[in-house]
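Working through the structure, step by step
As a plain string of letters, each chain reads:
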Amino acid sequence: MRLININIGAANAAAAVDAFVIVLTVASLLPIISANDSSNREFSDPSAIKPVESTISSAANLHIKRRKIMDATYEQVKDVPNHPEIYLIDVRNPEELTATGSIPSSLNVPLPELEAALNSDSEEFEKKYGRAKPANDANIIFTCRSGRRAQEAAEIAKTVGFTNLSVYRGSWLEWAEKEGLPQ
Ligand SMILES: *[C@@H]1O[C@H](CO)[C@@H](O)[C@H](O)[C@H]1NC(C)=O
């Protein structure tokens, strides 16, 4: 009973806040609306509106680009040795790699240390992983055992500012099957 009362109270409070925000919004728009009514050049001149529109749309495009995590196929992963600019990062633990082997040209950065690695300075990264730290727009493909940690890795990389990210969803399970290796 008490719980229900609290919930109703919270709902009422939320509704009151909503109503207040609406009143504030309308109030703050009134001067703009009336200014526009009385021949405001800024609003009647279309060239004044354009830059705002293009700013909004380029911000939206950037947002979409940033968010997108792509899928990498077995064929793309197999071709990585021919593309030295691509980073194939295996986020499994080192013991797993010892047990199964690893995909050619892959770099092992275990998931628990990925965020720190991507935030480290270039020198530190190179010393630890034997390869230059990827630039923020470098193409990075993540792989693991089943694809789950690879997806998590791509999300971590996205959060720390990397923009060109792919996940090899098949990961080691598919690779091993296609290559006739132990899973
Ligand atoms: C991502 O990387 C690939 C391979 O290096 C490159 O062809 C592509 O242009 C890059 N895309 C972006 C948006 O940087």
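Residues numbered from 1 in each chain as written. Predicted model: local features only at pLDDT ≥ 70, side-chain atom pairs only at ≥ 80, totals over all residues.

Going by the annotation in an unreviewed UniProt entry, the name recorded for the protein is Rhodanese domain-containing protein, with Drosophila mojavensis given as the source organism.

1. Some remarks on the overall build of the protein
Of regular secondary structure, the protein possesses 9 helices and 5 strands. From first element to last, N terminus to C terminus, the protein shows the α and β order α-α-α-β-α-β-α-β-α-α-β-α-β-α. The buried share among the 183 residues of the protein stands at 20%. Taking contacts inside the protein between residues at least 6 apart in sequence as the whole, the part at least 24 apart equals 60%. (Helix = DSSP H or I, 4+ residues; strand = E, 2+ residues; numbered from the N terminus. Buried ≥ 20, exposed ≤ 12 C-beta atoms within 10 Å, placed from the backbone. Contact = placed C-beta atoms within 7 Å.)

2. Thoughts on the site of the ligand
Every residue lining the ligand is accounted for by Glu-85, Ile-86, Asp-137, Asn-139 and Asn-164. Looking at side-chain class alone, the shell around the ligand contains 1 nonpolar, 2 polar and 2 charged residues. (Near = placed C-beta within 6 Å. Nonpolar A, V, L, I, M, F, W, Y, C, P; charged D, E, K, R; others polar.)

3. Structural notes on the sheet that holds strand β4 (residues 140-143)
Either a parallel or an antiparallel arrangement is found when strands of a sheet pair, and the pairing is made through backbone hydrogen bonds. Read across the sheet, 5 strands follow the order β1-β5-β4-β2-β3 without closing on themselves; strand pairing throughout is parallel. The open sheet is flanked by β1 (69-71) and β3 (106-108), the only strands paired with a single partner. Each strand axis lies, on average, 35 degrees off the axis of its neighbour in the sheet, ignoring direction. Bridging between strand β2 (residues 87-90) and β3 involves 3 bridges; their strand directions are parallel. By the bridge assignment for β3, Asp-90 is matched with Asn-108. (Pairing = 2+ DSSP bridges. Axes fitted to C-alpha atoms, helices over the stretch in contact; angles between N-to-C directions.)

4. A closer look at helix α6 (residues 111-119)
Among all positions of α6, only Leu-114, Ala-117 and Leu-118 are buried. Viewed end-on, α6 has its buried residues packed into an arc of 90 degrees, placing them on one side of the element. Turned more than 90 degrees from where α6 packs its buried face, Pro-112 and Asn-119 sit exposed. (Arc of directions from axis to C-beta.)

5. Topic: the pairing of β4
Side-chain alternation along β4 places Ile-140 and Phe-142 on one buried face and Ile-141 and Thr-143 on a second face that is also buried. Summarising the sheet, β2 and β4 pair through 4 bridges and their orientation is parallel. In the strand pairing of β4, Ile-89 is matched with Phe-142. Judged from the 3 bridges that link them, β4 and strand β5 (residues 165-167) form a sheet pairing that is parallel. Directly across from Phe-142, in β5, lies its bridge partner Val-167. Viewed along the sheet, the connection from β4 through helix α8 (residues 148-159) into β5 turns out right-handed. (Right-handed = clockwise from strand over helix to strand, strands pointing away.)

6. A short note on the packing of α6 against α8
Contact geometry for α6 and α8: axes closest at 10 Å, N-to-C directions at 20 degrees. Put simply, α6 runs roughly parallel to α8. The crossing of α6 and α8 is right-handed. From α6, Leu-111, Leu-114, Glu-115 and Leu-118 reach across to α8, where they touch Arg-149, Glu-152, Ala-153, Ile-156 and Ala-157. (Parallel < 35°, antiparallel > 145°, perpendicular 65-115°, else oblique. Left-handed = near helix turned anticlockwise from the far one by under 90°.)

7. Regarding unusual backbone geometry
The bulk of non-glycine residues show a negative phi, and the bulk of peptide bonds are trans. With a phi close to 70 degrees, Ser-105 is a non-glycine residue in the positive phi region. Although it is not a glycine, Ser-171 adopts a positive phi angle of roughly 45 degrees. Looking at the element boundaries, Ser-171 is found in helix α9 (residues 171-179). Assessed through the 26 C-beta atoms surrounding it within 10 Å, Ser-171 is described here as buried.

8. Some details on the pairing of β2
Burial of the side chains of β2 extends over both faces: Tyr-87 and Ile-89 are buried on one face and Leu-88 and Asp-90 on the other. A crossover links β2 with its parallel partner β3, the connecting element being helix α5 (residues 94-100), and its sense is right-handed.

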